[in-house]
2 protein chains.
Amino acid sequence: MNTRTALLNSAESAARQRGYDGFSYADLAQEVGIRKASIHHYFPKKADLALELLERYAAGFMDDLAEIDTANSSAADKLRAYHTLYRDALVDGTQLCLCVAFSAGRDSLPEPVLRVLNQFHADSITWLTRVLSIATDDGSVAGLTDAEAEAHATLALMEGAQLVARAADSAAPFDRATAAFIARLSAPSTH
Amino acid sequence: MNTRTALLNSAESAARQRGYDGFSYADLAQEVGIRKASIHHYFPKKADLALELLERYAAGFMDDLAEIDTANSSAADKLRAYHTLYRDALVDGTQLCLCVAFSAGRDSLPEPVLRVLNQFHADSITWLTRVLSIATDDGSVAGLTDAEAEAHATLALMEGAQLVARAADSAAPFDRATAAFIARLSAPSTH
DNA sequence: GTCTATAATGGGATAGAC
DNA sequence: GTCTATCCCATTATAGAC
């Protein structure tokens, strides 16, 4: 793997564990095995690193959503897969979605990073609203009336469930917090 | 106001804006109008300050919950008041609940602070489960079947809604994310 | 209880050799 | 592309005078 990618990978896991303020070039240098001055060759400022990090993360997430769309035909299946995305990102309560990790410390974020963060939220709402609109029509989510309101609620639920789990350093609170949401989804399609 | 309280107040608003890693003794010194060395007279280590800060916050929050219980008779009214607590804590998207602000950067927190944080979550779940159990019986929350599962979901929803709002530096996302929850509550009692 | 002074550490960042 | 060496600054924390 090239050094640039290794640095981004190391920065991602550090940022998802400890936030933007919580990791340093010294941490990355140790993990990747170069001196911290060398990192500036790839990312002159920490702001450059943070921007590329979040852009890569958001793009990967949107790719995942597109793949969920093609791999699942029913709205309920898509929403289950969306839930799994957040569940897996938690690992064992040791890591957050990068956007959750960055949101809390928003005041330290460079302005371009903040823009990508809010775009991520906007894109998530667009995707959720579309899927939940389908669910409103086909009845595959129990008690669903307002797709857009539920889209905002679902995003907040996933992010909040991750946060509570992170505080406990365990995935269990995430599962408890999202159980009622999963229970509303109609049975998985079997073909 | 005594200096100790002024320091706690200043630290609280700073921590709720920028997290545990995001505020320093220098910030507090400037706001309170003493030198930063003098802060160590009240709080020898930053860990001491953080612990007292969160203990005070959690105690105040539990007092608020007790007051909500006495001031509201119906479960729906109590849940509306609970929602208002989180809504007001947001200010205009500039401040988080202290527990939300601390959760993201949990790795920097001293261990005693972490214990208070998890106790806060446990106490919140206890309160929500009790209120939602009443609602299960009197039917004042639409589509409610499992009180404990909904308690965990409600806590995650409030915390996540705050986080999304904080990212946007605006209260609007909080209102959008919680609208569906509020819509499930039966009409306010009028006496 | 508050101050000045200072230590000790770690952060982001740069210059210039190789 | 990576290194050593260095700078400047902010941070938490302590010692000791007033």
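Small disclaimer: the values here were computed from a predicted structure and weren't measured.

## Quick word on the protein's contact with DNA strand C
1) Next: Surrounding DNA strand C, one finds 17 residues, the nearest of these being Tyr25(A), Lys46(A), Arg35(B), Ser38(B) and Tyr42(B).
2) Next: If you look at DNA strand C and keep only atoms within 4 Å of the protein, 70% of those are sugar or phosphate atoms.
3) Next: Measuring from a phosphate oxygen of DNA strand C, one finds a backbone N or O atom of Arg35(B) at 2.6 Å.
4) Next: The side chain of Tyr42(B) places a nitrogen or oxygen atom 2.4 Å from a phosphate oxygen of DNA strand C.
5) Next: Considering each element in turn, the surface near DNA strand C owes the most residues, 4 residues, to helix α3 (residues 36–42) of chain B.

## Structural notes on the nonpolar core
1) Next: Counting 134 residues, the largest nonpolar core has Tyr82(A), Tyr86(A), Tyr82(B) and Tyr86(B) as the members making the most contacts within it.
2) Next: If we skip the residues at most four places from it in the chain, Tyr86(A) touches Phe61(A), Cys97(A), Phe120(A), Leu155(A), Met158(A), Glu159(A), Gln162(A) and Phe174(A).

## Concerning the environment of Arg176(A)
1) Next: Examined against the element boundaries, Arg176(A) turns out to sit in helix α9 (residues 172–183).
2) Next: C-alpha of Arg176(A) to C-alpha of Ala161(A): the two residues are 15 residues apart in sequence and 8.5 Å apart in space.

## Describing the packing of aromatic side chains
1) Next: For the structure on display, the rule yields 12 aromatic pairs over all chains.
2) Next: Here the aromatic rings of Tyr20(A) and Phe102(A) are separated by 5.9 Å at their centres, their planes lie at 90°, and the arrangement is edge-to-face. With Tyr20(A) in the loop between α1 (3–18) and α2 (25–32) and Phe102(A) in helix α6 (residues 98–104), this residue pair connects regions lying 82 residues apart in the sequence.
3) Next: Under the relative-accessibility criterion, Phe102(A) is labelled buried at 1%.
4) Next: Site record: aromatic cluster; members linked through ring pairs are Phe61(A), Tyr82(A), Tyr86(A), Phe120(A) and Trp127(A).
5) Next: Its end group placed over the ring of Phe23(B), Lys46(B) keeps NZ or CZ at 4.5 Å from the ring centre.

## Section: the interface of chain B and chain A
1) Next: Taken together, the 32 residues of chain B in the interface contact 32 residues of chain A.
2) Next: Of the roughly 2700 Å² buried where chain B meets chain A, counting both sides, 65% is carbon and sulfur surface.
3) Next: Taken together, the connections running from chain B to chain A amount to 4 salt bridges.
4) Next: As a salt-bridge pair, Asp169(B) and Arg106(A) come within 3.7 Å of each other at their nearest N and O atoms.
5) Next: If you list the elements that add at least two residues to the side of chain B that touches chain A, you get α1 (3–18), α6 (98–104), α7 (111–138), α8 (147–168) and α9 (172–183) of chain B.

## Digging into the protein's contact with DNA strand D
1) Next: Around DNA strand D there are 16 residues in total, and Arg35(A), Ser38(A), Tyr42(A), Lys36(B) and Lys46(B) lie nearest to it.
2) Next: For DNA strand D, the fraction of atoms within 4 Å of the protein that belong to sugar or phosphate moieties is 66%.
3) Next: Taking Ser38(A), its side chain carries an N or O atom lying 2.9 Å from a phosphate oxygen of DNA strand D.
4) Next: At 3.4 Å, a side-chain N or O of His41(A) approaches a phosphate oxygen of DNA strand D.
5) Next: Going through the elements one at a time, α3 (36–42) of chain A together with α2 (25–32) and α3 of chain B are the ones with two or more residues in the surface near DNA strand D.
6) Next: The element that contributes the greatest number of residues to the surface near DNA strand D is α3(A), accounting for 4 residues.
7) Next: The class makeup of the residues in the surface near DNA strand D is 7 nonpolar, 5 polar and 4 charged.

## Section: the relation of the copies chain B and chain A
1) Next: For the pair chain B and chain A, the relating rotation is 180°, the translation along its axis is 0.0 Å, and the fit reaches an RMSD of 0.0 Å. When the rotation and shift are considered jointly, the pair of chain copies conforms to a two-fold rotation axis. Across chain B, the smallest distance between a C-alpha and the rotation axis is recorded for Gly160(B), namely 1.8 Å.
2) Next: When the interface residues of chain B are mapped onto chain A, 100% of them are again interface residues, pointing to one common binding face.

## Focus on the environment of Leu79(B)
Residues and elements named next belong to chain B.
1) Next: For Leu79, the location among the structural elements is in helix α5 (residues 75–89).
2) Next: Take Leu79: its relative accessible area is 0%, and that puts it in the buried class.
3) Next: It is 25 Å that separates the C-alpha atoms of Leu79 and Ala104, two residues lying 25 residues apart in sequence.
4) Next: Setting aside residues no more than four positions away along its own chain, Leu79 makes contact with Leu128, Val131, Leu132, Val141, Phe181 and Leu185.

## Remarks on helix α5 (residues 75–89) of chain A
Residue and element names in this part refer to chain A.
1) Next: The first and last C-alpha atoms of α5 sit 21 Å apart over 15 residues, in line with the 21 Å expected at 1.5 Å per residue.
2) Next: In terms of residue burial, α5 counts as a mostly covered element, since 11 of its 15 residues are buried.
3) Next: Buried residues of α5: Ala75, Ala76, Asp77, Lys78, Leu79, Arg80, Ala81, Tyr82, His83, Tyr86 and Ala89, and no others.
4) Next: For α5, the elements touching its buried residues are α1, α4 (46–71), α7 (111–138), α8 (147–168) and α9.
5) Next: Val91, located one to two residues past α5, shows a positive phi value of around 55°.

Conventions and cut-offs
Residues numbered from 1 in each chain as written. Chains lettered and ligands numbered in written order. Predicted model: local features only at pLDDT ≥ 70, side-chain atom pairs only at ≥ 80, totals over all residues. Heavy atoms only, no water. Near = heavy atom within 4 Å. Polar contact = N/O pair within 3.5 Å; in protein donor to acceptor, adjacent residues only side chain to side chain. Helix = DSSP H or I, 4+ residues; strand = E, 2+ residues; numbered from the N terminus. Core = buried A, V, L, I, M, F, W, Y, C linked by side-chain atoms within 4.5 Å. Buried < 20%, exposed > 50% of the residue type's maximum accessible area, 1.4 Å probe, protein only. Contact = heavy atoms within 4.5 Å. Phe/Tyr/Trp six-rings, centres within 6.5 Å; stacked < 30°, edge-to-face > 60°. Lys NZ or Arg CZ within 6 Å of the ring centre and 35° of its normal. Buried area = accessible area lost by both parts, 1.4 Å probe. Salt bridge = Lys/Arg side-chain N within 4 Å of Asp/Glu carboxyl O. Nonpolar A, V, L, I, M, F, W, Y, C, P; charged D, E, K, R; others polar. Least-squares fit on C-alpha atoms with pLDDT ≥ 70 in both. Expected span 1.5 Å × (residues − 1).

That is the geometry; function is a separate question.
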